[in-house]
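Now for the letters of each chain:
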Amino acid sequence: MAIRKIAVMGHPVLRQQATPVPEKEISKPEIQNLIQDMIQTMFEYDGRGLAAPQIHESLQIVVMIWDFDPKIKPYIQVLINPEIRALTQETSSCWEGCLSLPGLRGKVDRPNKISVQALDAQGKKISFEAEGFTATVIQHECDHLLGKLYIDKIKDLSLFGFSRECTQFLIQNEAINPE
Ligand code: ZN
């Protein structure tokens, strides 16, 4: 296991469409080690989610801290080859941050309800629906696999800036996604 270097905005790997992981490869050490590296790197940099392209691996893998349900102890959710579908036109907005854009924040609108289909770390098919903040975090991470960054979705660039100034002047009782 190793802590890996984070790719920051401007590196082409963040703008590539990531490659799906063949189902039979998931159990192999290369992929399992990569997942462990992603988890370790996410914790090291205080992220709440990380996509493989963010550590220079153009593969469709996302790891997330799943702490959305106060009744369940937080755990790590791994999504491989995720497919996301919006279930509503309604949007919710969130001040998003990203380890690949250190020190910055921006206000982004995204569909409020989504369905997710993916494989987990064991290669098992999973499908579920997510709403609100959970849906925001999943969409943010999965966008990395499409070569998209949250800044692509900011409609009003006056609501984009350095975290400290955003917190001081712009954010008022609104949802914040910490990186
Ligand atoms: Zn990100």
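Computed from a predicted model, the values in this text were never measured in an experiment.

Asker: Can you help me understand helix H1 (residues 29–44) in this one?
Answerer: Along an α-helix, residues three or four apart share an orientation, since each turn contains 3.6 residues. Taking 1.5 Å per residue as the helical rise, H1 with its 16 residues ought to reach 22 Å, and the 22 Å between its terminal C-alpha atoms agrees with that figure. Burial in H1 covers these residues: Ile 31, Leu 34, Ile 35, Asp 37, Met 38, Ile 39, Thr 41 and Met 42. Its buried side turned inward, H1 meets strand S1 (49–51), strand S2 (61–66) and strand S3 (75–86). Note on H1: the residue one or two positions beyond its end, Asp 46, has a positive phi of about 60°.

Asker: Help me understand the packing of aromatic side chains in this model?
Answerer: Evaluated as defined, the whole model comprises four aromatic pairs. Measuring from ring centre to ring centre gives 5.7 Å for Trp 66 and Phe 128, while their planes differ by 90°; the resulting arrangement is edge-to-face. Of this pair, Trp 66 sits in strand S2 while Phe 128 sits in strand S7 (residues 125–131), and the two are 62 residues apart along the sequence. Given a relative accessible area of 14%, Trp 66 falls into the buried group. Exposure remark for Phe 128: the relative accessible area of 21% places this residue in the partly exposed category. For the pair Phe 68 and Phe 133, a centre-to-centre distance of 6.0 Å together with 70° between the ring planes defines the contact as edge-to-face. In this pair, Phe 68 sits in the loop between S2 and S3 while Phe 133 sits in helix H2 (residues 132–144), placing the two residues 65 residues apart along the sequence. Assessed through its relative accessible area of 29%, Phe 133 is described here as partly exposed. Every member of this aromatic cluster is reached through a ring pair, and the members are Trp 66, Phe 68, Phe 128 and Phe 133.

Conventions we followed
Throughout, a residue's number is its position along its own chain's written sequence, starting from 1. Only residues with pLDDT of at least 70 are given local features in this predicted model, and only at 80 or more are side-chain atom pairs given and counted; all residues enter the totals for whole chains, interfaces and linings. Computation of side-chain values covers all heavy atoms of the structure but excludes hydrogens and water. A run of DSSP states H or I qualifies as a helix once it reaches four residues; a run of E qualifies as a strand once it reaches two. Both are numbered from the N-terminal end. A helix's residues, less one, multiplied by 1.5 Å, set its expected span. Classification of residues uses two cut-offs on accessible area relative to the type maximum, computed with a 1.4 Å probe and protein chains only: under 20% is buried, over 50% is exposed, and between them is partly exposed. We call two residues in contact when some of their heavy atoms are within 4.5 Å. Ring pairs shown here join Phe, Tyr and Trp side chains whose ring centres sit within 6.5 Å, with only the six-membered ring taken for Trp; geometry is labelled stacked below 30 degrees between planes, edge-to-face above 60, and tilted in between.

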